[in-house]
Amino acid sequence: MVPKKDVLLEVKDLRIEGYSDEQWIEIVHGVDLTLHKGEVLGLIGESGAGKSTIGLAAMGFARDGCRISGGSIEFDGMELTTTPEGDLRALRGSRIAYVAQSAAASFNPAHRIIDQHTEAPIQYRIQKRVEAQEDAMELYHRLRLPNPDEIGFRYPHQVSGGQLQRAMTAMAMACRPDLIIFDEPTTALDVTTQIEVLAAIRDIVDQFNTAAIYITHDLAVVAQMADTIKVLLKGEEVEEAPTEQMLDAPSEDYTKSLWAVRSFKRPQKERPAEADSIPIVSVKNVDAAYGKIKVLDDVSFDIYPGMTVAVVGESGSGKSTTARCITGLLPPTKGEIQFNGESLPPRYQDRTKDQLRQAQMIYQMADTALNPKIKISEIIGRPAQFYRGVRGAELKNRVDELLDLIELDPAKFYNRYPPELSGGQKQRVGIARALAADPSFIICDEVTSALDQLVAEGILKLLDKLQKDFNLAYMFITHDLATVRSIADEVVVMQRGKVVEQGAKDEMFTPPHHPYTDLLLSSVPEMDPNWLTTLLEERGTDSIGEAANV
Amino acid sequence: MGDILQLVIKRLGLGVVTLLVISILIFFAVELLPGDIAQAVLGQAATPETVTALREKMGLDQPAILRYFQWLGGALTGDFGVSLISGERVSEAISGRFINTLFLATYAAVIAVPISIILGVIVALLRNTLFDRVANVVTLTSISSPEFFLGYILILYLAVKTNYFPAIASLSTDMSFGELLHRTFLPALTLVLVVTAHMMRMTRAAIINLLASPYIEMARLKGVPPWKVIVKHALPNAWAPIINVVALNLAYLITGVVLVEVVFVYPGVGQLLVDAVSKRDFPIVQACCLIFAATFILLNLAADVGSILTNPRLRHPK
C-alpha cells in the first residue's frame, strides 16, 4: 500500500456537465481517480468516453460549454473545485502541464517555438529569458530533436509534426511540473514518427519522475506508457488495473471487446491468372506534380476485379495523390491510367459519364464529405438519378434498397440529415452514395481512420460483404497496417512518391521485407508492454534518431 | 522574401489594370450623360454657330475613343484638362483641396484606428459583459446615424451651445497647426464616430473567432493571463481581417466625406465634386472620380500587402 503522502492527485466522484440543446447534460458520471507521485495512469476509451474532459478537469479546467458540477479534485492537498481562477491559473504550466493532441494546431503560428516554451518560466519568474532558453535547448537535446540548439528559433510551420510534438513535450517540462496531462499526443502521427515521440515522452517522464495521465484510444500505445490503465465508457469507469493485469486478464466484457477488436480477418484472394483477365484499373508509370513539386515518381500497379489493393505509406508518401490521378482530379504529368484495358482521358472533365460512374470514392471525413443541409435520401438518390436516370417511385425503391445494403433502416433514415447521424452511420451513407452509381471500382481513402475501433470494424465487415455481393474492386488507402491485415488481398507500399514494394498480402507480412516496409511493420505498436523497450534495443538509439528525420 | 515581392508586384499590376478599366467607365459614363457640354457651357441663349465653334475648340467633334486616349494620356502626366466653368487647370483646382481632404482623413484616422483596435481588444476580453454590450450599442448607434445628422448634433452641442469648437471649418493659410486642429476637430470627430464602430466590431469578431483555436486553449492551459491570451496569442493572428477593414474605412474617409465636408463647409475634394456635378464641369468630375478610384485601389493593395506581411507562414518560408 502506497502511503497517503505520496498521493499527488485524488479525484472523487467527479461529475462534469456539458451544455447542449439549451440544457446542462451530465457527461461524466462520478469518476474516481488516484495518482501517486511519478506514476503514469493511462485513460482509454472511445471518443465520447470523456477522457479529455477528465484530463482537463485534473487541471481544474473545463472547456467552454462544460462545467464541473460535482465531486472533488484534490491536487497535492489543494481542492481545485473551490480554488479561485487566479490561483488555478498559477498552477497551470507550472505544476500541472498539458500536451495536446495536435502540436501543429496547438503551437501559436505567430511566435517562435522557443518563445512559447519560455513563456511560462518567465511568467512564473522561475528563470530569466536567457536561462529559460538554455534550459529549452537542454530539453530539446534530451528529447533527441535534430539541431536542438537551433530548432527552437524556428516557427511552428517550419518544423515537422513529430518534432513539434516532442517540442511540446519539452514545453510541458519547462517548469518541471509534478503532473503532465498527455491528451492523445501521438494520434495524429505516422507509426514511424509515433515511436520517436513515445520513446521521448517515456524517457523524460522517467528522468524527472513526473506523474502523468496518458489519454489515448490506442491500447497498444497505452500498454507501453502506463503503470495503471483505467478504461472509460460514456463518462463512467469500466475498470482499472495495473497494466500487465489489464492486458492479460481484463475482467469486464467491454474491455474484452476492445481487446478483441482486431480479430476480423478474411482470407486473401489470389489474383486471377494473367492470361484470361485484364485489371479493372491499371496505373502505368504515372508521374504527378503540384506546381513544380514532383509528388509521384513512376508509380505503377494493377487492381483486378473483386480484389482489394491496400496502398500504404506515411503521410506525404503520395497515396491520396495517386487516387486523385485515378479519378482525374489531378492529371498526371507522365504515364496513364487504364480502365478495363482502355486508356482513360487524364482530366475528369474529358471522361464520359460511364467512365466516371465506374470509379467512385469514399472519403476519410464523413463529416465534411456529406452536405449537412441535404437529406440522406437525396444524398444517396442523386448519383442513381445522375448516372442511371432512375426517377420517381423507382428512385425511392433504389434508395431504400441502398439503405438496406448499408444496414440502416430506410423508414428511420430516409428523411434525416447528416448531422443527426453518428460517425459510423455517416460513413455508411458515404458508402451508399458510392454504391448508388453501380461502380465496379471504389477508392476508400482512410475510411476508418476517423472512427472508433468497434465502429471501424463494422465498416470493414460491411465493405467486405459488399465486395462479395457486387464483385467490387477496392483501392484501400490507409496508414493503418492492422486494417491492411484484415481486408487486403494485395499491398502497395509507397514512400516519397515511389512504390517501394508490392505484392500479395501474405507475402508482404512475411519476411524478408524491403527495409522501409520493415520499418513500417515493426513500428506498429503491439499489446506487449515491453514492445517499445525491446524494439528500441533492437534498433539502437542511433537508428531512432534517423527514423525521426524520415 | 522574394515570393512576397513577387506577390506585391502581381497585385500592383492587377491594380493598374483595374484602374484602367475604371478610367474607361468614368470617361464613357460622363459621355453618356444627356445634353451637350458646349450647349451647357454657353447656356440656352447661344447661337448654333457659337456652339459649333466651341465644340471644335474643345475637340468635342472628334470621336469619343480618340478623346478618351487624349484624356488618359493627359491624366498620366497629371494634366486633366481645364475646368469648363472657371477655365482654371483641373490639376491646380484639385491639388490644394485634395491635400485638405487627405489632412482631414489622416486626422480622423489617427484618432479612430488606435481607438477602435484598442476598444475591439477590450470588448473581446470583456465579451458578453455589460461593457461589451454598452460599447456595441453606442458604436452601432453612431454607425447607423447618417453622418450629416451626427455632424449637426455635434455642431449643436459642441459649437452652438458651448462654443468649444467652431461650427464652420474654414481654413486660411496663416493658421498655426494647433489652430488648424482645433478648427477641423468637429468634422474629424464626426468621421471618427462613423468609422470606429465598424473597425471595433471587426477587431472583436476577428479575435473571438480565434478563441476556439487549440493554441489559445494551450495558452490558457499554460497559465497565461486572459489579457495576455488576447493580446499576445490571438491578436497577432487576427491582423489580416483587421487590416482589411481598416483599409476599407480609410478609403471611406477619403472618398466618402462629401456630406461631412458640405455640413462643415470644409474646402475638400468632396465639396469640389458636388459643385462640379451641379455645374456640369465634367473634366473636374472625371479627375475627382479617377483620384478616388486610385485611392481606393491603393489602400486595398496596401491592405493585401499588410495581411501578407502579418502571416508568419509567408514571412518565414520553410
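Remember, it's a predicted structure, so these values are computed and weren't measured experimentally.

**Focus: the overall build of chain A**
Alright, step 1. Each helix and strand counted, chain A has 22 helices and 20 strands in total.
Alright, step 2. Relative to the globule expectation of 24 Å for 550 residues, the C-alpha radius of gyration of chain A, 25 Å, shows essentially globular dimensions.
Alright, step 3. On the principal axes, the C-alpha backbone points of chain A span a range of 75 × 50 × 45 Å.
Alright, step 4. Long-range contacts, defined here as pairs at least 24 residues apart, represent 69% of the contacts in chain A between residues at least 6 apart.

**Here's the deal with the interface of chain B and chain A**
Alright, step 1. Listed per partner, the contact involves 15 residues of chain B and 22 residues of chain A.
Alright, step 2. No other element matches helix α10 (residues 214-221) of chain B, which puts four residues into the side of chain B that touches chain A.
Alright, step 3. A breakdown of the residues in the side of chain B that touches chain A according to their chemical character gives eight nonpolar, four polar and three charged.

**Considerations on the sheet that holds strand β2 (residues 23-36) of chain A**
The strands making up a sheet associate through backbone hydrogen bonding, with each pair oriented either parallel or antiparallel.
Residue and element names in this part refer to chain A.
Alright, step 1. The four strands lie next to each other as β2-β1-β4-β5, forming an open sheet whose pairing is antiparallel. On the outer flanks of this sheet lie β2 and β5 (78-79), each paired with one strand and no other.
Alright, step 2. Taken together, the two bridges between strand β4 (residues 66-75) and β5 define a ladder with antiparallel strand orientation. The residue bridging F75 from the neighbouring strand is M78, located in β5.

**With respect to unusual backbone geometry**
All names here are of chain A.
Alright, step 1. A positive phi angle, near 50 degrees, is found at D13, a position not held by glycine.
Alright, step 2. With respect to the element layout, D13 can be found in strand β1 (residues 7-20).
Alright, step 3. Take D13: there are 11 C-beta atoms within 10 Å of it, and that puts it in the exposed class.
Alright, step 4. Even without being a glycine, D438 presents a positive backbone phi close to 55 degrees.

**Re the pairing of strand β20 (residues 498-504) of chain A**
For a regular strand, side-chain orientation follows a simple rule: the groups alternate between the two sheet faces.
Residue and element names in this part refer to chain A.
Alright, step 1. With six bridges connecting them, strand β19 (residues 490-495) and β20 associate as antiparallel partners. Residue pairing across strands places V491 opposite G503, the latter belonging to β20.
Alright, step 2. The loop that links β19 with its antiparallel partner β20 comprises two residues; one of these, R496, has a positive phi angle of about 45 degrees.

**Topic: the sheet that holds strand β17 (residues 441-445) of chain A**
All names here are of chain A.
Alright, step 1. In space, the six strands of this open sheet follow the order β16-β17-β18-β13-β19-β20, with mixed pairing throughout. Strands at the two margins of the open sheet, each flanked by one partner only, are β16 (359-362) and β20. Across the sheet, the mean angle from the axis of one strand to that of its neighbour is 15 degrees, orientation sign disregarded.
Alright, step 2. In the sheet, β17 pairs with strand β18 (residues 473-478) via five bridges, with the strands oriented parallel. Bridge pairing in β18 links F441 to A473.
Alright, step 3. Its contacts with the sheet put helix α11 (residues 319-327) on β13 (308-312), β16, β17, β18 and β19, and the angle it makes with β17 is roughly 150 degrees.
Alright, step 4. Sheet contacts for helix α17 (residues 423-435): β16 and β17; angle to β16, the most-contacted strand, approximately 175 degrees.

Calculation notes
Residues numbered from 1 in each chain as written. Chains lettered and ligands numbered in written order. Predicted model: local features only at pLDDT ≥ 70, side-chain atom pairs only at ≥ 80, totals over all residues. Helix = DSSP H or I, 4+ residues; strand = E, 2+ residues; numbered from the N terminus. Rg over C-alpha atoms; globule rule 2.2 N^0.38 Å. Contact = placed C-beta atoms within 7 Å. Nonpolar A, V, L, I, M, F, W, Y, C, P; charged D, E, K, R; others polar. Pairing = 2+ DSSP bridges. Buried ≥ 20, exposed ≤ 12 C-beta atoms within 10 Å, placed from the backbone. Axes fitted to C-alpha atoms, helices over the stretch in contact; angles between N-to-C directions.

Coordinates in, geometry out; function isn't part of it.
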